[in-house]
Amino acid sequence: MRILINLIITAVIVYLLANFLPGINVDSFGSSIIVVIVLALLNFLVKPILQLISIPITILTLGLFLFVINALIIMLCGYIVGGFHVDGFWPALLFSLVLSIVQSIVGGFTKED
């Protein structure tokens, strides 16, 4: 049940961010749910491979290259999900950063002790 609640909360965040951030478009709330599911799958399957391949540059940039990996995952999700459109790297990077920050804030409020 907790996973379903997190999925819905994240879908609402994605839908709202798409309305506020330039370069990110979500056609409907249903599309934002699909975006969240695809992002979860990409973060589980693709992101570890990209992180492993990019260890040298990640060390060289003191971990800042992980932001690039997150933006690439967002862009890949934009190619996969039909109702989710990303206009380029910089909107994907901004979306990734804001999504992470908002998820952390909301997660702090909904955390069970």
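Definitions and cut-offs
- Residues numbered from 1 in each chain as written.
- Predicted model: local features only at pLDDT ≥ 70, side-chain atom pairs only at ≥ 80, totals over all residues.
- Heavy atoms only, no water.
- Helix = DSSP H or I, 4+ residues; strand = E, 2+ residues; numbered from the N terminus.
- UniProt positions renumbered as here; feature names shortened; annotations may be inferred.
- Core = buried A, V, L, I, M, F, W, Y, C linked by side-chain atoms within 4.5 Å.
- Buried < 20%, exposed > 50% of the residue type's maximum accessible area, 1.4 Å probe, protein only.
- Contact = heavy atoms within 4.5 Å.
- Phe/Tyr/Trp six-rings, centres within 6.5 Å; stacked < 30°, edge-to-face > 60°.

### Here's the deal with unusual backbone geometry
Step number 1: The phi angle at Leu62 is positive, at roughly 55°, despite the residue not being glycine.
Step number 2: Note on placement: Leu62 falls in the loop between helix H4 (55–60) and helix H5 (65–80).

### Some points on the UniProt feature "transmembrane region" (unreviewed entry) in the chain
Step number 1: As recorded in UniProt, the feature "transmembrane region" (unreviewed entry) lies at residues 28–46, 58–82 and 88–109.
Step number 2: For residues 58–82, the end-to-end C-alpha separation is 31 Å, with 76% helix and 0% strand making up the annotated structure.

### Some words on the nonpolar core
Step number 1: Of all hydrophobic cores here, the largest spans 25 residues; its most connected members are Val14, Val35, Leu39, Cys77, Phe84, Phe95 and Leu99.
Step number 2: Listed by contribution, the elements that provide at least two residues to this core are helix H1 (2–20), strand E1 (24–26), helix H2 (29–45), H5 and helix H6 (89–110).
Step number 3: In terms of residues, this core owes the most to one element, H5, which gives 6 residues.
Step number 4: With near-sequence residues (within four places) excluded, Cys77 lies in contact with Val35, Val38, Leu39, Leu42 and Phe84.

### What about the packing of aromatic side chains?
Step number 1: Summed over all chains, the structure comprises 3 aromatic pairs.
Step number 2: Look at Phe84 and Phe95: their rings are 5.8 Å apart centre to centre, the planes differ by 55°, and that puts the pair in the tilted class. Note that Phe84 is positioned in strand E2 (residues 84–86) and Phe95 in helix H6, a separation of 11 residues in sequence. Phe95 carries the same exposure label as Phe84, and that label is buried.
Step number 3: Ring centres of Phe89 and Trp90 lie 5.1 Å apart, and the angle between their planes is 75°; on these two criteria the pair is classed as edge-to-face.
Step number 4: With a relative accessible area of 63%, Trp90 lands in the exposed category.

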